[in-house]
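Notes for the structure review
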2 protein chains.
Amino acid sequence: MVDIGAPVNIESFYKFTDDVSNPELFESWKPKIKAYLEDLDKESPAQYKIPEKEVPEDLDEKSFSTIEYLKDTMYLTDSDKKITEMSVVDLAKNITSRKLSSVEVMNSFAHRAIILNQFTNFASQFFIKEAMNTAKLLDEYINNTGNVIGPLHGIPISVKEQIGMAGKITHGGWVAWLDYIPEEDATTIKVLKKLGAVLYVRTNEPQTLMHLDSNNNIIGRTRNPYNSLLSSGGSSGGEGACVGGRGSAIGVGSDIGGSIRAPAAFCGCFGLRPSTRRISTAGGVSSGRGQESVVAVEGPLAHTAKDIDYFMKSYINAGKPWEDDPWCMPMPWREVAKPEPRDVTVAIMYDNGMVKPHAPISRGLKTVEGKLKSSGVKVIKFEPLMIEEAYDVCHQLYTCDGNNAQKEMLKPSGEPLLPLTKWAMSMGNGDKCLSITENRSLNARRDTIRAAYNKYFIEKKVDFVISPTYVGVAPCAIENGIAGPYYWGYTSLWNLLDLPTLVAPTGLYQYPPSDLKDPSYKPRSPIDEIEQNKYIPELFRDAPICLQITGRRYFDEEVVSFGELFEEIMKNKS
Amino acid sequence: MVDIGAPVNIESFYKFTDDVSNPELFESWKPKIKAYLEDLDKESPAQYKIPEKEVPEDLDEKSFSTIEYLKDTMYLTDSDKKITEMSVVDLAKNITSRKLSSVEVMNSFAHRAIILNQFTNFASQFFIKEAMNTAKLLDEYINNTGNVIGPLHGIPISVKEQIGMAGKITHGGWVAWLDYIPEEDATTIKVLKKLGAVLYVRTNEPQTLMHLDSNNNIIGRTRNPYNSLLSSGGSSGGEGACVGGRGSAIGVGSDIGGSIRAPAAFCGCFGLRPSTRRISTAGGVSSGRGQESVVAVEGPLAHTAKDIDYFMKSYINAGKPWEDDPWCMPMPWREVAKPEPRDVTVAIMYDNGMVKPHAPISRGLKTVEGKLKSSGVKVIKFEPLMIEEAYDVCHQLYTCDGNNAQKEMLKPSGEPLLPLTKWAMSMGNGDKCLSITENRSLNARRDTIRAAYNKYFIEKKVDFVISPTYVGVAPCAIENGIAGPYYWGYTSLWNLLDLPTLVAPTGLYQYPPSDLKDPSYKPRSPIDEIEQNKYIPELFRDAPICLQITGRRYFDEEVVSFGELFEEIMKNKS
């Protein structure tokens, strides 16, 4: 039995009182879950699969790197590998110039995604036949007209399952929603289709969509492609594993507390939490209907900052989501050139003062500081600003309806509550429903923090804050995610503030001999203790180290273009 | 005694139960009110005032037109009249080219504003000495440098009193807030000062800021400059009277249910309710702290659509309010050329199906239809869409905190509740505080209506909807506003939908022989009956007829540029 640093007596932290699970009732849902999983299997074409014996039986007991496996495997052709390792920008160029057909591209990604799924369990639904038909039509179109249908013509894009698709079960991780089949595509799906994207897979997420890990009673747990014992993050953990393992060139997740960024960081890719109202969230299944205090967003995960930029530009400028969803703003995605290092000031948050980052994250931040400085970027230290206040306000807001919306979605199936669901339902005041007046007072406190951060950026002339995405690299997630992320403060801060935040890989990986545990550190609080106890250096070997880059509200373009510079600088040898 | 069509048994509609007034406590506040009014008088320089005998004693019993008086009066010089009748754009040109000094301009507006106030009681606070000093400094600046300080250099701008000003009492119409002196300017004030505007007067508003009339226990009632018996509108009624009577070239109001548009319409000028988050509301006194369901906005009132455009462009593009208030979006104000009539499709809302507009409004709409059609604009009829649903959702949202915020602001002074306060506190469920879950459900219903309207614009290819601002022209407002506007549905619809809406004068005025009452009309509901009973043609003679022009969310620029075309077309003889 691996020591995973799971918290002891986690029950003592639970503030929710009303466990709506009902084992007897849940029994009656099991046939529906079975049927759903059978469909998933049926839609995973046999010709793409590797023999079952290739997949270790002890993935949940022993670290396994799917990334390494896919590098070496002979089950993927060289062409498959080449295509699936291309950037979106290059794929688009090759498709536009007809060097690659949409069918070829789709075939390679389908192949890799199916294999990746055998190891990581990232997919909720495949529909590859449908995708191949779409790809054929796209090829016909370009062959007949010489033109692409849109800027995403032929690009295979994975999407988080909670984003509604017409005619397809959309459950969002809630068992009871296995009955729900939307009649209409979500706005994002409409936009992607309009732009020529090829959709072929929907990806896993946690029960309630409120874990920074991805596990539910339908699909189970998604494994990290770098290390099968670790979490792929959540709630867009299926996207993390899929994009991280290059099962898709780019994917769409959603984020209300870190749900794009934790998966991107844990799975070693870029992930953008845009400012609200740039990418539509209409037509998604969630518990957040009508909730406006901390607003969820959708956004992309990809392998380069340039791909993130390409997606955002395509989605917004060509997709015009506001024609379908008036919540989206007709605010064009601006062309912002990669800045000159000397024009940039970065503040680094080494420690937010609440929960100290683990050794690899601290090393990542130090390395970033050094490389940025050598490149000419001005670097200052970010002094923690209202961190505990922000945490308190944000986590109260997550549960301020007394978890009513969540319980209403959980109850009809009686499904058992997973440990991280209990944790999320224990945030703030747990099951205590606040009054509208209290909700407004929290909003007002939030606005005070927003004003303070805005002032910080303006008065200190800081362009970007670089911070940990999470206390550590991907935590362990076996045993129902019990050692998964408990402390969301590093990501949820930026949700509360609604600041655009890009997760970017540093190019560094956890390395036990360098990233020792500091035995003298005294945890500051019970939550700090929980997180510190999880740092068992050997457990995290080779996990990628990724950080957050945050800019001013609606300066998403600047954040992404600095992401390009960051990527370039981090690749420099020095 | 004039028959004003006041509703009978209005008490039967009251849904609030908790009257927080306390006559004894209120007595203790009277000296503070007296001191405040003495300051107002002290700051109204004697040299600008007309002799008291010039002001009729029976302004509240007999119709008096301040507009006509100011046209003819010899107390204003020809130069005063010429300057105060200029557009903002022309004032800016003349100041920039040094044909006019800021001091001259300020002097003329101060003069006219002081006289206008003697008749209409629109002002809460004057600070003309301070303004003259600012104007002098601006003149020195341009004389020394040859440059203006900003696009509003030397433009006298009136602002609604609830917008906080450093060092000045800011009460928002609540007696208890006579003790509140902000330390910092509101963002809007900072922006205006930065752009070179000259501030010299703050304007009246109603108790609670929730009447479409302007009356409170501090300043009393503001009269309509066209007819002293009528309402100047509300809650930015002081702005309506001030701008309508050209006591300022342009003014800033705020709007959560019609509060910019009713005053603009009643006082015969343009008024823009922008989409949310383009103009800052930070630093204003209101009961809306943390309320995000129907969001208040600030916006300009002026005499031409071009002036509205000039203000918005200056405020947003040069003012960059987001540097002070992160709620504001860094979304530039776009240059949008006045459209060609043949490229425009307008849908006219003749009647929303709930409360039928009075005769002059119907005539206005018919005339507009004719003139637009002759000019080549495509005109269709707007078929009422979810009107009752929108009214229900919006009016529940106004009071969903059980009026808690209002009562907390009213209670410390014990001030008596005015009739329209009681009416506003009776909207929706009155004193019944809803749960957070109910609030979210109302938000979700709101979002459904928003989606339906967005679809309407897109699918019908409608550019703008033209609708009544209110059931009638300005209603009578003597006797504490008891015959003032009760039905907000024509304006509040656009707040709920967050659609940019410009009030524009038609150039027409109520004329009793043309605008007869239809004696055969059977009211559809009690609220319809209340509003229909108020139509007493003789009472409204010469009141301006102004309508609303509404466009798609964040297409504010298109709305204003069509406003220019509308203005031009309505001036055509035909």
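Worth saying up front: this structure is predicted, and the values here are computed from it rather than measured. (Residues numbered from 1 in each chain as written. Chains lettered and ligands numbered in written order. Predicted model: local features only at pLDDT ≥ 70, side-chain atom pairs only at ≥ 80, totals over all residues. Heavy atoms only, no water.)

1. Describing the side chain of Asn121 of chain B
All names here are of chain B. Along the chain, Asn121 turns up in the loop between helix 5 (102–120) and strand 1 (123–126). Here Ile219 takes part through its backbone oxygen, which lies 2.9 Å from a polar atom of the side chain of Asn121. Look past the residues within four positions of Asn121 in its chain and what remains in contact with it is Leu116, Asn204, Ile219, Gly220, Arg221, Thr222 and Arg223. (Helix = DSSP H or I, 4+ residues; strand = E, 2+ residues; numbered from the N terminus. Polar contact = N/O pair within 3.5 Å; in protein donor to acceptor, adjacent residues only side chain to side chain. Contact = heavy atoms within 4.5 Å.)

2. Details of the interface of chain B and chain A
Facing 36 residues of chain B, the contacting portion of chain A comprises 36 residues. For the pair chain B and chain A, the two sides together bury roughly 3,200 Å², of which 53% comes from carbon and sulfur. For the chain B face of the interface with chain A, the top three residues by lost area are Pro326, Ile436 and Arg440 of chain B, together amounting to 22%. At the boundary of chain B with chain A, the tally comes to four salt bridges. Across the salt bridge formed by Asp401 of chain B and Arg440 of chain A, the nearest N and O atoms sit 3.6 Å from each other. Run the count over chain B and chain A and you get 14 residue pairs in polar contact (both at pLDDT 80 or more). For the side of chain B that touches chain A, the element with the highest residue contribution is helix 15 (residues 436–459) of chain B, accounting for eleven residues. Across the side of chain B that touches chain A, the residue classes tally to 15 nonpolar, nine polar and twelve charged. (Buried area = accessible area lost by both parts, 1.4 Å probe. Salt bridge = Lys/Arg side-chain N within 4 Å of Asp/Glu carboxyl O. Nonpolar A, V, L, I, M, F, W, Y, C, P; charged D, E, K, R; others polar.)

3. What to know about the pairing of strand 12 (residues 501–509) of chain B
As paired elements, strand 7 (residues 270–273) of chain B and strand 12 of chain B share three bridges and run antiparallel to each other. Looking across to strand 12 of chain B, one finds that Leu272 of chain B is bridged to Leu502 of chain B. (Pairing = 2+ DSSP bridges.)

4. Looking at helix 6 (residues 128–145) of chain A
Residues and elements named next belong to chain A. Helix length check: helix 6, at 18 residues, gives a terminal C-alpha distance of 25 Å against a target of 26 Å (1.5 Å per residue), a fit within 8%. If you check which residues of helix 6 are buried, you get Ile128, Ala131, Met132, Ala135, Leu138, Asp139 and Ile142. The arc that holds every buried residue of helix 6, seen down its axis, measures 120 degrees, which confines them to one face. Among the exposed residues of helix 6, those pointing more than 90 degrees away from its buried face are Lys129, Leu137 and Asn144. Following helix 6 by one or two positions, Gly146 has its phi on the positive side, about 80 degrees. (Expected span 1.5 Å × (residues − 1). Buried < 20%, exposed > 50% of the residue type's maximum accessible area, 1.4 Å probe, protein only. Arc of directions from axis to C-beta.)

5. Examining empty space enclosed by the protein
All chains considered together, the criterion is met by nine cavities of 30 Å³ or more. The volume enclosed by the largest cavity comes to roughly 120 Å³. As for the largest cavity, its lining consists of 15 residues, of which Ser293, Asn439 and Asn443 of chain A together with Asn439 and Asn443 of chain B are closest to the centre. Of all the secondary structure elements, the ones that give two or more residues to the lining of the largest cavity are helix 15 (436–459) of chain A together with helix 15 of chain B. With four residues, helix 15 of chain B is the largest single contributor of residues to the lining of the largest cavity. Across the lining of the largest cavity, the residue classes break down as one nonpolar, ten polar and four charged. (1 Å grid on protein atoms, 1.4 Å probe; cavity = no way out; pocket = protein on both sides within 12 Å on 5 of 7 lines; lining within 4 Å. Points joined across faces, edges and corners; volume = space filled by probe spheres on them.)

6. Section: the relation of the copies chain B and chain A
Once chain B is rotated about the relating axis by 180 degrees and shifted along it by 0.0 Å, it coincides with chain A to within an RMSD of 0.0 Å. In short, the pair behaves as if placed about a two-fold rotation axis. Relative to the rotation axis, the C-alpha of Ile436 of chain B is the closest in chain B, positioned 2.7 Å from it. Of the interface residues in chain B, 100% have counterparts in chain A that sit at the interface too, so the contact is made through matching surfaces. (Least-squares fit on C-alpha atoms with pLDDT ≥ 70 in both.)

7. Details of the UniProt feature "binding site: substrate" (unreviewed entry) in chain A
Residue and element names in this part refer to chain A. As recorded in UniProt, the feature "binding site: substrate" (unreviewed entry) lies at Leu209, Ser235, Ile256, Gly257, Gly258 and Ser259. For the residues just named, distributed over 51 residues, the greatest C-alpha separation is only 10.9 Å, placing them together at one site. Residue placement: Ser235 occurs in the loop between strand 5 (227–231) and helix 8 (237–244). For Ser235, a relative accessible area of 2% translates into the label buried. With residues near it in sequence (within four places) discarded, Ser235 still touches Lys160, Asn204, Glu205, Pro206, Leu209, His211, Leu212, Asp213, Ser214, Ser254 and Ser259. Within polar-contact distance, the side chain of Ser235 engages the side chain of Lys160 at 2.5 Å. (UniProt positions renumbered as here; feature names shortened; annotations may be inferred.)

8. What about the layout of surface pockets?
Residue and element names in this part refer to chain B. Taken as a whole, the second largest pocket spans an internal volume of roughly 810 Å³. Together, 35 residues line the second largest pocket, and Ile67, Lys71, Tyr226, Gly268 and Tyr509 are the ones closest to its centre. Elements supplying a minimum of two residues to the lining of the second largest pocket: helix 2 (66–72), strand 12, strand 13 (544–550) and helix 19 (556–571). Here the element with the most residues in the lining of the second largest pocket is strand 12; it accounts for five residues. Of the residues assigned to the lining of the second largest pocket, the class counts are 14 nonpolar, eleven polar and ten charged.

9. A short note on the sheet that holds strand 13 of chain B
In sheet architecture, strand pairing relies on hydrogen bonds along the backbone and comes in two forms, parallel and antiparallel. All names here are of chain B. Reading across from one edge, 1-3-2-6-8-7-12-13-11-9-10 is the order of the eleven strands in this open sheet, with mixed pairing throughout. Strands with a single pairing partner mark the edges of an open sheet, and in this sheet they are strand 1 and strand 10 (378–381). For this sheet, the mean angle separating the axes of adjacent strands, direction not counted, is 25 degrees. Against the sheet, helix 6 (residues 128–145) touches strand 1 and strand 3 (198–203), its axis set at about 155 degrees to strand 3. (Axes fitted to C-alpha atoms, helices over the stretch in contact; angles between N-to-C directions.)

10. Considerations on the packing of aromatic side chains
Summed over the entire model, instances satisfying the criterion amount to 42 aromatic pairs over all chains. Residues Phe13 of chain B and Trp423 of chain B carry aromatic rings whose centres are separated by 6.1 Å and whose planes lie at 70 degrees to one another, so their mutual orientation is edge-to-face. Pair noted here: Phe13 of chain B is in the segment before helix 1 (23–42) and Trp423 of chain B is in helix 14 (residues 419–424), with a separation of 410 residues, a long-range link. Residue class for Phe13 of chain B comes out partly exposed when judged on its relative accessible area of 27%. Three or more aromatic residues joined by ring pairs form one cluster here, namely Phe382, Tyr453, Tyr456, Phe457 and Trp494 of chain A. When the ring centre of Trp29 of chain A is taken as reference, the NZ or CZ atom of Lys32 of chain A above it lies at 4.6 Å. (Phe/Tyr/Trp six-rings, centres within 6.5 Å; stacked < 30°, edge-to-face > 60°. Lys NZ or Arg CZ within 6 Å of the ring centre and 35° of its normal.)

11. Points about the sheet that holds strand 13 (residues 544–550) of chain A
Residues and elements named next belong to chain A. Across the sheet, which stays open at both edges, the eleven strands sit in the order 1-3-2-6-8-7-12-13-11-9-10 with mixed pairing between neighbours. Only two strands of the sheet have a single neighbouring strand rather than two, namely strand 1 (123–126) and strand 10 (378–381). Pairs of neighbouring strands in the sheet enclose a mean axial angle of 25 degrees, with direction left out of account. Pairing of strand 9 (residues 345–348) with strand 11 (residues 464–468) involves three bridges; the strand directions are parallel. Bridge pairing links Val346 to Phe464 in strand 11. Relative to the sheet, helix 6 contacts strand 1 and strand 3 (198–203), its axis offset from that of strand 3 by approximately 155 degrees.

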